[in-house]
Amino acid sequence: MGDFTFFLETTISGLMTGVMYSLVALGFVLIFKASGIFNFAQGVMCLFAALTLVGLMEKFGLPAWLAIIATIGVMIVLAWLIERFVLQYMVSQSPIILFMATIGLAYVLEGVGDLMWGSDVKLLDIGLPQGASDWMLDNFNIYVEKLELVAGVVAAAMVAVLAVFFQKTRIGRALRAVADDHQAALSVGISLRTIWVIVWSVAGIVALVTGIMWGSKSGVQFSLSLIALKALPVLILGGFTSIPGAIVGGLIIGVGEKWAEIYVGSLVGGAIENWFAYVLALMFLLVRPQGLFGEKIIERV
Amino acid sequence: MTEHSKKIGDPLLKVDNISLGFGGVQALSNISFEIREHEILAIIGPNGAGKTSMLNVINGFYHPQQGTITFRGEVRRAMRPYIAARQGIARTFQNVALFKGMSTLDNIMTGRNLRMQSNFFWQILHYGPARREEIEHRRRVEEIIDFLEIQAIRRVPVGKLPYGLQKRVELARALAMEPELLLLDEPMAGMNVEEKEDMSRFILDVNEQFGTTIALIEHDMGVVMDISDRVVVLDYGRKLADGTPDEVRGNQGVIDAYLGVPHE
Amino acid sequence: MLYREAGQFKTSYEADQAVFPIRQDRWVIAVVLIVALAAVPLVIEDYWTNAVMLPFLVYALAALGLNILVGYCGQISLGTGGFMAVGAFAAFKLTTMFPGMNLIAVLLLSGLVTAGVGVVFGLPSLRIKGFYLAVATLAAQFFLVWLFNKVEWFYNYNATGQITMPPREIFGFLVTGPAAKPAVKYLFALSFVIVFAVVAKNLVRGRIGRMWMSIRDMDIAAELIGVRPLHSKLSAFAVSSFYIGVAGGLLFTVWLGAAEVTEAFGIDKSFLVLFMVIIGGLGSVLGSFLGAGFLVLMPILLKNFMVGGLGISPVVAKHVEITTMGVLIILFLIVEPHGLARLWQITKEKLRLWPFPY
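Only a predicted model underlies this, so the values are computations on that prediction, with no experimental measurement involved. (Residues numbered from 1 in each chain as written. Chains lettered and ligands numbered in written order. Predicted model: local features only at pLDDT ≥ 70, side-chain atom pairs only at ≥ 80, totals over all residues.)

1. Structural notes on the overall build of chain A
- Counting secondary structure elements, chain A contains 12 helices and zero strands.
- For chain A, the succession of helices and strands along the chain, N to C, is α-α-α-α-α-α-α-α-α-α-α-α.
- Against the globule reference of 19 Å for 301 residues, chain A gives a C-alpha radius of gyration of 20 Å, in line with a compact fold.
- Dimensions along the principal axes, computed over C-alpha positions, put chain A at roughly 65 × 55 × 35 Å.
- Burial status across chain A gives 46% buried among its 301 residues.
- Across chain A, every contact between residues at least 6 apart in sequence was considered, and the portion connecting residues at least 24 apart equals 73%. (Helix = DSSP H or I, 4+ residues; strand = E, 2+ residues; numbered from the N terminus. Rg over C-alpha atoms; globule rule 2.2 N^0.38 Å. Buried ≥ 20, exposed ≤ 12 C-beta atoms within 10 Å, placed from the backbone. Contact = placed C-beta atoms within 7 Å.)

Here's what the structure looks like:
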C-alpha cells in the first residue's frame, strides 16, 4: 500500500509539474501558430511577468488583484513594443533569424526585469492556498499540495477560455486564418500587425499565469526562465502547432520525468531530470517526426 | 556544330502499370508508357492529371503502390532520388528548385558533384587531385554556361535572378549532370513568347547535340506539337492517348478532355 | 582609388578560383598575418592573452565549426557547449592517461572523439528538421553536461569535479599550466586557428562545401541531383564537431587550464557561439572571426566603460550588459541579418568605386 501511495503521489506531483510545462508550451504554440515564430523568450516572459507582479506588490504596495491587472497591462504594452520595435522590421526574415531575435529578446527581458526589480529571490504570495490538502489526505491518504490542485484547475480553465476564444470569437477565427496562410489572411483584410500584438498579449497573459503558479511554489528567481527549456521537449512531443498537444505533452513529460528520476535516476547518480525529457522527446521524434497531434507533411516539388 | 542525325532507338525507360495514391486520392492509375532513346516525349494533360506525380515516380521521389519502372534494363519500383540521379536521370521543377543562396556558377557546379572523385584529404588541402578536378569540371561547366548564354550572371546569387533566367540556370544544372534522361517539368511556365522560343531552341539543341533523351511536361500546345517526337496524354491519373503529335491531335478522347464533352 | 580590381585580369580558372582573387585583399591578409604572428607576440602580456586573445581564438574556432553546420549545411545546433565539453574532457583524459602524448596529438584526437559524438547526436537530423532538430541538439547539451558531472571517471574521481591541466611542452616551450608564457600560449592557439581556418575555407569552396550548401538551400532538390542526405548531414556534423571539440580542448588546456563542466560548458556557451555565428555572418569563414571578436570585446569594453568610466556597480553593470547584448543582437538582425561579414563586403564594394561613386 505504501508503495502504491508513493507512486500515486509521485504521479500527481509529476502531473502538476507537467501542467506548468503545458502552460509554457501553450504560450509557445500560440505564437508559433499565428506567426511561425519560435519564441524562445516565452520562459523569460514568465519570469518577467512574475517579477513585475512581485515588484508592483512590494514596491508600490498594490493589492494582489490590482497588481495582476496592472501586470496584464504591462504584458500587453510589452507585446505592442515587441511588435513595434522588433517584429515589424523582420516580417520577411527567415525563421532562424526570427528565432535568434527572440533569444535577443530573452536577454533584454531578463536584463530589464533584473534592473527594474533586482535579481534576488522573491516570494510571491497573492493569497493562493498553501500547504497540504487535508481533504486529499483524509479521504485518500495521499499528500498533495493545495497549490498544485489550484494550478491544475487554473490551467484547465485557461485552456477552456482559449478554446472558446479561438473557436467562437471573430479575432480567434482571424488568428486561425493567419495560422493557416499568412498571405491569404492578408488578402481578406486581416491586419497581421494587430494579430501579432494580440497573440503576443495572450502569450504574455499565459506567461503571467505560469509565473504566478511557479513563483508561488518556488519563489520568483532566474531559474523560472529555465522551465521554458523544459517546455521545448513538450513541444516536440505535442507538435509545434497543437494546443491539445501542448497540454498532453506537458503532462507526459511531467510524469515521465518524475518517474524516471525516482525509478531510474537513483540507479545512475540522479539529476537526470535535466535531460530525460529531451531524450524521451528525441526517441519519440524518431518514430513520429510530426509529434503527437501534428499533421503529417506531404512534401511536394 | 556537328549535326547529329537523329535516331530514335529502343526504349530507355519503361513505365509499367504504375499506380500511386495519397490517402484516398488516386493520383495515377495503371499508367504504362515508354520513353525511347534520343526522343523528346511530351506529357500533357489538364491540371491535376498526374503529370508531375509521374515524373516524381520516375525519379524516385514518390514510391508507387503498384507497378514497375524499368530503366536501362533494370527493374525497380521504389528507390531514393539520389540513386536515380546516379543512374543518369536529371530533372527540373515546375517551381524552380535551385539553391537560392549560391551563385549561378556554384549551382551548376553542384550538378558535377557526382562526377567528382577526389577524397576528403585532398579536399582539405585543396591541392593535387582536388584542385585539378575542380578546374577540369569548371571548364565543363563553362561550356554549359556558354551553351545556354548565361555568362553574365555567373557570379549572381540565383535568388536574385528573374524567373526566366532561373529556369535556364536550372536547366544548366541538370545538363551539368550529363544525364541520359532529362525530365523537364513545365520548362516554359510563366515565360513570354521570346523566352519560350529561346527555351525551345535550347531543348532541341540539347537533344540534337548531346543525344539526351528528354521527357517534358508542357501546357503550351504550340510548343508541344513543334518540338516533341511523341506525346503521352494523361487525365485524372489515367492515360488517354500515346502517339505522335498528329495522332494525338486527332484523338477524340483527347479533344473531349481538353474541350469538354457536352452534357445532355 | 586604393581598392580597385581594374586591370587585374584572370587568364585561368585557377586564378579565378583563388580564395582572394583581388590583389589588395591579398595584401590585407598578409599584413594581418604578419601582425598576428610577429608583432603581437612581442607586446602581448597576461591580461590581454587571457581576457582577449585566447578567448577570441578559441571562440573563433568554435564559431567556425558551428558555422559549418548552421551556416553551410543549414542544421541548427544548440549543443555547442556540450560538444566543447567533450573536447575538453577528452583532452584531459588523454593527457592524464598518456602523459607522454604530444599536446597537438591530444587536441586532434579530442577533436576526433568529439566528431564521433557529434555524428551520434546528428543522426536525428535525418528524420527531423529545423526547430525540431534544434531542440533535439539541446538533448546533447544537457545529457553531455550531466554525464561529465555525474560520471567520476571523467574527472579522475577528484572531489571537486574540476579538471586541471598539467604543464605540457611543445618544442621545448611550456604551453600549458600557470608557468606558460602568454606569447607561447597565444602563438600555439593562433597556429591551430590559422590551419583550421584554411582547411575550412578549402572545404567550403570545393565539392564538399557545395554539397552542404545544396542541402541547406533545398534538401529535396539536393537529393534529386544525387546528394546523399545522410552522408552530407553527418559529414557536416562530424567536421563541425571536430572543430568545436578542438576549440573545447584549447579552452581547457591552453586558455583556462582548469574547468568545471556546468560552469564552463553550460547552455549559455551554446548561445554565445551561435550569436557569434549569426552576428559574424552565416556561411562565412571571415564572419566567424568577426563575430567572435565582436562578442569577446563588446562585454569587456562595455564593462570597463560602465564600471570604470561611469562608476556603476558591477551588479547593475552586469544587468545592463545582458540587456545591451540582447538589444545589439536584435538590432543586428534587423539591420543586417547577414552579419558583419556582409557589412564588410558592402564596404569593400563601396571602396571599389570610391571616390567616384558613379
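2. Side note on the overall build of chain C
- A tally of helices and strands in chain C yields 15 helices and four strands.
- When its C-alpha atoms are laid out on the principal axes, chain C stretches across 70 × 55 × 45 Å.
- Counting across all 358 residues of chain C, residues that qualify as buried make up 49%.
- When contacts within chain C are restricted to residue pairs at least 6 apart in sequence, long-range pairs at least 24 apart make up 75% of them.

3. Looking at the interface of chain A and chain C
- Of the residues lining the interface, 40 residues belong to chain A; the matching set on chain C comes to 31 residues.
- Only helix H4 (95–117), helix H10 (227–238) and helix H12 (273–287) of chain A provide two or more residues apiece to the side of chain A that touches chain C.
- Looking at the side of chain A that touches chain C, the element that brings in the most residues is H4(A), giving 16 residues.

4. Side note on the sheet that holds strand E2 (residues 25–36) of chain B
Residue and element names in this part refer to chain B.
- Here four strands make up an open sheet; going across it, the order is E2-E1-E4-E5 and the pairing antiparallel. Of all strands in the sheet, those bounded by a partner on one side alone are E2 and strand E5 (74–76). Sheet twist, expressed as the average angle between the axes of neighbouring strands with direction ignored, equals 15°. (Pairing = 2+ DSSP bridges. Axes fitted to C-alpha atoms, helices over the stretch in contact; angles between N-to-C directions.)

5. Remarks on the packing of helix H2 (residues 23–43) of chain C against helix H7 (residues 182–204) of chain C
All names here are of chain C.
- Two elements in contact, H2 and H7, have axes separated by 10 Å at closest approach and are oriented at 165°. The orientation of H2 relative to H7 falls into the category roughly antiparallel. The chirality of how H2 crosses H7 is right-handed. Residues Ala36, Val40 and Pro41 of H2 pack against Ala183, Tyr186, Leu187 and Leu190 of H7.
- Broken down by class, the residue content of the contact of H2 with H7 amounts to seven nonpolar, no polar and no charged. (Parallel < 35°, antiparallel > 145°, perpendicular 65-115°, else oblique. Left-handed = near helix turned anticlockwise from the far one by under 90°. Nonpolar A, V, L, I, M, F, W, Y, C, P; charged D, E, K, R; others polar.)

6. Focus: the environment of Leu66(A)
- In this fold, Leu66(A) is placed in helix H3 (residues 64–85).
- A sequence separation of 39 residues divides Leu66(A) from Leu105(A), and the C-alpha atoms of the two residues are 27 Å apart.

7. Details of the pairing of strand E9 (residues 230–235) of chain B
All names here are of chain B.
- Counted residue by residue, E9 has five buried out of six residues, so it is predominantly covered.
- In this sheet, E9 lies alongside strand E3 (residues 40–44) in parallel orientation, the contact comprising four bridges. Among the inter-strand pairings, Ile44 is bridged to a residue of E9, identified as Val233.
- Bridging between E9 and strand E10 (residues 238–243) involves five bridges; their strand directions are antiparallel. Bridging from a neighbouring strand, Val231 pairs with Gly243 of E10.
- Hairpin connection of E9 to E10: two residues between the antiparallel strands, including Tyr236 at a positive phi of 45°.

8. Concerning the confidence of the model for chain C
- Scored by pLDDT, chain C has a mean of 88; 97% of the residues are at 70 or more.
- Across the predicted assembly, pTM comes out at 0.89 and ipTM at 0.87. (pLDDT = per-residue confidence, 0-100.)

9. As for the environment of Phe293(A)
All names here are of chain A.
- One can find Phe293 in the segment after H12.
- Once the C-alpha coordinates of Phe293 and Ser92 are considered, the two residues, 201 residues apart in sequence, prove to be 28 Å apart.
- Setting aside anything within four residues of it in sequence, one finds Phe293 in contact with Gly238, Gly239, Ser242, Pro244 and Gly245.

10. A few points about the sheet that holds strand E7 (residues 181–185) of chain B
Residue and element names in this part refer to chain B.
- The mixed open sheet is built from six strands, whose spatial order is E6-E7-E8-E3-E9-E10. Bordering the open sheet on either side are strand E6 (89–92) and E10, each of which pairs with just one other strand. The sheet shows a mean angle of 15° between the axes of neighbouring strands, direction not considered.
- As paired strands, E7 and strand E8 (residues 213–217) are joined by five bridges and run parallel to one another. Of the residues in E8, the one forming a bridge with Leu183 is Ala215.
- Across the face of the sheet, helix H1 (residues 51–58) comes into contact with E3, E6, E7, E8 and E9 while running at roughly 150° to E7.

11. Focus: the pairing of strand E1 (residues 11–22) of chain B
All names here are of chain B.
- With eight bridges connecting them, E1 and E2 associate as antiparallel partners. By the bridge assignment, Leu20 is partnered in E2 with Leu28.
- The hairpin formed by E1 and E2 contains two residues between the paired strands, and Gly23 there has a positive phi angle of roughly 55°.
- Of the strand pairs in this sheet, E1 and strand E4 (residues 66–71) are connected by five bridges, and their pairing is antiparallel. Bridging across to E4, Ser19 finds its partner in Gln66.

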